[in-house]
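Each chain, written out:
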Amino acid sequence: MNRRNFIKMTGLTSLASVMPASLNLHAAPVDFAGKYLVTLQLLGAWDVSSICDPKMNVPGEDQINHWARDGETQTAGNIQYAQFANNAAFFDKYHQDMLVINGIDAQTNSHNAGVTHNFSGRISAGFPSLTSLYAAIHGANLPIAYINNGGYTETAGVIRNTRLEHAGEIKNIVKPTSSRWNPNNKWIPDEDWALINQYRDKSMIEKINSTNLSVRERRAVSNYKSALDSASILTDFSTALDAAGDLHEDESGTEYWSSLKRQMQLAMISMKSGVTISADLHLGGFDTHQNHDVLQGELLAHATDAIDFFWEYAEEVGLADRMVLVVNSDFSRTPYYNSTAGKDHWPVGSAIVMERNAPWGNRVVGATDEGQNVIPIDPVTLQPQANGGSIIYPKHVMQSLRDYMGISDHAIVSPFVFNNEESFDFFSSTKSTPQSGDPRNSVRI
Amino acid sequence: MIFRYIVLLLLSIFLVACTKAPAYKIKHVVDGDTLVLTEFPDVRYDLAYIDAPEREQPYGREARAYLKQLFADQQVDIVFNVNQELELFVDGQSINYLMVKQGYAWAQLNIADSIDSLSYTEAQKQAANNGTGLWSLEHGLMIAPWQWREQSTERAPSMNSHDRLKRQRELERKKALEQQYARMERQREQRARYEQSKKLNQQVSEKELTK
């Protein structure tokens, strides 16, 4: 290397070393005016034939659902639902605000593969969740841009995720000198704490201005500073948490323990405080290989009750018009019972997308036959098409959600493109797929 | 006498040569290796030597459609084996073998016990090497039917017990922290009292000194 090149290299290195580690980290907090995205992951596989893809029993075949011995398929608006659990209250109240996508073929009956496929759009590992992409695009600079409380957690490095099921941890970060149980008790007097902060700021400025830091050291200082700057935003969140009062306690049933409503509260308070863009909430226990009717009934009732709470609370905090809620699971359950009154895994499931006053609401797309097998549909007209029709896979649902949320063409999404041969027009307000194509499903036996 | 024996022998050879697998009609194809015969409408028969993807499994629909198309409403010749499984023949061609050869089914794992093991496993190897039928699927979708059936009953990592355990640990942690904080508070109060009494003592002794 000659002298001239050496000087050039030195110049470039010093330029690189003064740049922040991540440009996103130093961006000013966005005044986000878009929609907030929340997915509800019902883990273990819900039984869609007992909720949004209702199936009566077929004469001469194994019984699909015991509720259909006395119950009927019900209708709210244009949406059919099963007469089971608390479905009636849920669908009567929210049918205008929901799109039901039936007949999604997850192509697996392994839990891990099902979760990966349904929440990333690809059955192999590696693609980030829709929520992580959305947060990376709209809130990379925010301290808790993406909340993930469990279920599918892959971000592919586009953004960090935060577990937020309890409020205590945030309070500890925001008020490190206060006692956790009694905020008025201070471990360090305020005057001393102010002195410590003063010293830290002074030392930080000295470090940033010093010329003898290595690139790695400078990056570490820069990241530390950005974390401190972002932490100040958390104060608003902490104040909002204090103002929210007592959060929801855990709820339990025969076989489940749920913090779902508290997860919802925390996600919405953090969104309202401007620190969060998207969240994955979870409720487990749906893997009902035994005692299916009782356990699945309790869980579905709790899930629909929690979704109702979600919208009520969103209304209370003033976010109801900006929320998009996607409800999905690993896959579904068999259209017959096993020897222990349970149901095993079935790859064909459903998803529900909800938004207040959505023009695409009160619609069902996709269909299954009397045995809960996929009926191929025309991707454009969404009408059943036995020959030459297309099957809905999770990649199609994910692609249409990406399109709807307006992130498909973003540079962050470009490494994670699906190889879709066809695209379904799920969010059209005029098209839908007729349900109950087989009359045998409406016969009670 | 000898002539009579020769005639009987020729007759029996003729009869054996004329014996053919009995022909049946297929009523319904359940999936790529299960069907119902018109003659026995209440029984579901499995095809011998092969295991096709389940109907709801990737390539299950294709396997079912291919099997249906192979006999296309015509009568099929059927040989029942000892397990009451069927081998189907159309125009002398084994349909079971064709299903494996064309990549619509796997050869059964225990086929090594049967007389046709070599031809079936060889046909499967060729189909896999050529990426024919189900062997053209992505890696994650290429699941043997017996694994698929096993997976359908596998239990999810129990979120419930996990949650309970997590909650129990958290309660224990919270309790321990509370005890620790209470201890610290007590110590602080004791220290404060001590400091206060020290100060009082000092004041008292100062007062006494000034007296």
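Residues numbered from 1 in each chain as written. Chains lettered and ligands numbered in written order. Predicted model: local features only at pLDDT ≥ 70, side-chain atom pairs only at ≥ 80, totals over all residues. Heavy atoms only, no water.

In the annotation of an unreviewed UniProt entry, chain A is listed under the name DUF1501 domain-containing protein and assigned to Paraglaciecola algarum.

K.L.:
How should the sheet that holds strand β7 (residues 86–90) of chain B be read in this particular structure?
P.N.:
Residue and element names in this part refer to chain B. Overall, antiparallel pairing links the four strands, which are arranged β1-β6-β7-β8 in an open sheet. Looking along the sheet, the strands with just one partner apiece sit at the ends: β1 (23–24) and β8 (93–94). Of the pairings in the sheet, the one linking β7 to β8 comprises two bridges and is antiparallel in character. Counted as the bridge partner of Val90 is Gln93 from β8. (Pairing = 2+ DSSP bridges. Helix = DSSP H or I, 4+ residues; strand = E, 2+ residues; numbered from the N terminus.)

K.L.:
For this particular structure, what's the right way to read the sheet that holds strand β2 (residues 26–31) of chain B?
P.N.:
Sheet strands pair via backbone hydrogen bonds, and the direction of the pair is either parallel or antiparallel. Residues and elements named next belong to chain B. With antiparallel pairing, the three strands of this open sheet are ordered in space as β2-β3-β4. Pairing within the sheet leaves two strands with one partner each, and these edge strands are β2 and β4 (44–46). Along the sheet, successive strands turn relative to each other by an average axial angle of 35 degrees, direction set aside. In this structure, strand β3 (residues 34–37) lies alongside β4, joined through three bridges in antiparallel fashion. Bridged to Val36 within β4 is Arg44. (Axes fitted to C-alpha atoms, helices over the stretch in contact; angles between N-to-C directions.)

K.L.:
Explanation requested: the packing of aromatic side chains in the structure shown.
P.N.:
According to the stated counting rule, one finds 25 aromatic pairs over all chains in the structure shown. Geometrically, the ring pair formed by Tyr45 of chain B and Phe80 of chain B is edge-to-face, given 5.6 Å between the ring centres and 75 degrees between the ring planes. Taken together, the residues span a long stretch of sequence, with Tyr45 of chain B in strand β4 and Phe80 of chain B in strand β6 (residues 76–80) at a distance of 35 residues. Relative accessible area serves as the criterion here: at 27%, Phe80 of chain B is assigned to the partly exposed category. Where Tyr66 of chain B meets Tyr104 of chain B, the ring centres are 4.0 Å apart and the plane angle is 10 degrees; that geometry is what we call stacked. Placement of Tyr66 of chain B in helix α2 (residues 60–71) and of Tyr104 of chain B in the loop between α3 (95–101) and β9 (106–107) is noted, with a sequence separation of 38 residues between them. Looking at Lys343 of chain A, its charged tip hangs above the ring of Tyr337 of chain A, at a distance of 5.0 Å from the centre. (Phe/Tyr/Trp six-rings, centres within 6.5 Å; stacked < 30°, edge-to-face > 60°. Buried < 20%, exposed > 50% of the residue type's maximum accessible area, 1.4 Å probe, protein only. Lys NZ or Arg CZ within 6 Å of the ring centre and 35° of its normal.)

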